[in-house]
Amino acid sequence: DTEVTQTPKHLVMGMTNKKSLKCEQHMGHRAMYWYKQKAKKPPELMFVYSYEKLSINESVPSRFSPECPNSSLLNLHLHALQPEDSALYLCASSQDQGGWNTEAFFGQGTRLTVV
Amino acid sequence: AQKITQTQPGMFVQEKEAVTLDCTYDTSDPSYGLFWYKQPSSGEMIFLIYQGSYDQQNATEGRYSLNFQKARKSANLVISASQLGDSAMYFCAMRDDNAGGTSYGKLTFGQGTILTVHP
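What this report covers is the structure whose coordinates are included nearby. (Residues numbered from 1 in each chain as written. Chains lettered and ligands numbered in written order. Predicted model: local features only at pLDDT ≥ 70, side-chain atom pairs only at ≥ 80, totals over all residues. Heavy atoms only, no water.)

### Structural notes on the side chain of A:Gln25
Residue and element names in this part refer to chain A.
1) Next: For Gln25, the location among the structural elements is in strand β3 (residues 18-25).
2) Next: Take Gln25: its relative accessible area is 1%, and that puts it in the buried class.
3) Next: In this structure the side chain of Gln25 is engaged in a polar contact, spanning 2.9 Å, whose partner is the backbone nitrogen of Met27.
4) Next: At a separation of 3.0 Å, a polar atom in the side chain of Gln25 contacts the main-chain carbonyl oxygen of Ser71. (Helix = DSSP H or I, 4+ residues; strand = E, 2+ residues; numbered from the N terminus. Buried < 20%, exposed > 50% of the residue type's maximum accessible area, 1.4 Å probe, protein only. Polar contact = N/O pair within 3.5 Å; in protein donor to acceptor, adjacent residues only side chain to side chain.)

See the structure below:
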């Protein structure tokens, strides 16, 4: 089972709303990631969690707030977003943060539209 | 800093033929991983193949093989016997595997190549 499940698949939110994206994996992976991907562009790393601790924050604005409640679950809390934050948000997990043969598996993504 | 370059915005191939997608990288770090992902229009990022920087042999996974030339810093993907379902965006990516560094585990993607398979 190499499945990473993201919910919801689609989300439309206003600029004053608060919403959350959810990501779940049951592969026993200890590293989890959030990526942002604009149309026709490569994914860009936002956050990395390793063993439930925030390991990398790529200078992401504070209106994006990650949370890792346990080793299987990763959330991204959204508040006061801007229309330019509209994108595909991808979650990924890997057995470890790095090292030989620790490929990252991605979820199907959440298509976020901010109106 | 690590950098990945994919110089082919788009590629076309006839069904059942082989195709090579180019990828070059730049890093001064000794430990890194190289990956290829496929992204159909649905958006899911599908892992295809992995090559570690210390691996001596080229990686293969079914119809996919990675032509790893370390001295030239290239990691081209070869897809044999193309199928219509192979039409998608393909990303080459590199991961920093230097434990203890500030970018450890960071996966950096190239700009991607759109592959179209013709019947």
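Structure shown, so let's carry the discussion forward.
### What about the pattern of salt bridges?
1) Next: For the coordinates displayed, the defined rule picks out eight salt bridges over all chains.
2) Next: Its salt-bridge partner being A:Asp85, residue A:Lys36 comes within 3.9 Å of it at the nearest N-O pair. Of this pair, A:Lys36 sits in strand β4 (residues 31-37) while A:Asp85 sits in the loop between β8 (73-79) and β9 (87-94); the two residues are 49 residues apart in sequence, bridging distant segments of the chain. Of the two residues examined, A:Lys36 and A:Asp85, each falls in the buried class.
3) Next: Measuring nitrogen to oxygen at the nearest pair gives 3.5 Å for the salt bridge that ties B:Lys73 to B:Asp26. With a gap of 47 residues between them, B:Lys73 in the loop between β8 (64-69) and β9 (74-79) and B:Asp26 in strand β4 (residues 24-26) connect regions that are remote in the sequence.
4) Next: Residue B:Asp26 is classed as partly exposed on the basis of its relative accessible area of 43%.
5) Next: Beyond isolated ion pairs, a larger network of salt bridges with shared partners links A:Lys36, A:Arg63 and A:Asp85. (Salt bridge = Lys/Arg side-chain N within 4 Å of Asp/Glu carboxyl O.)

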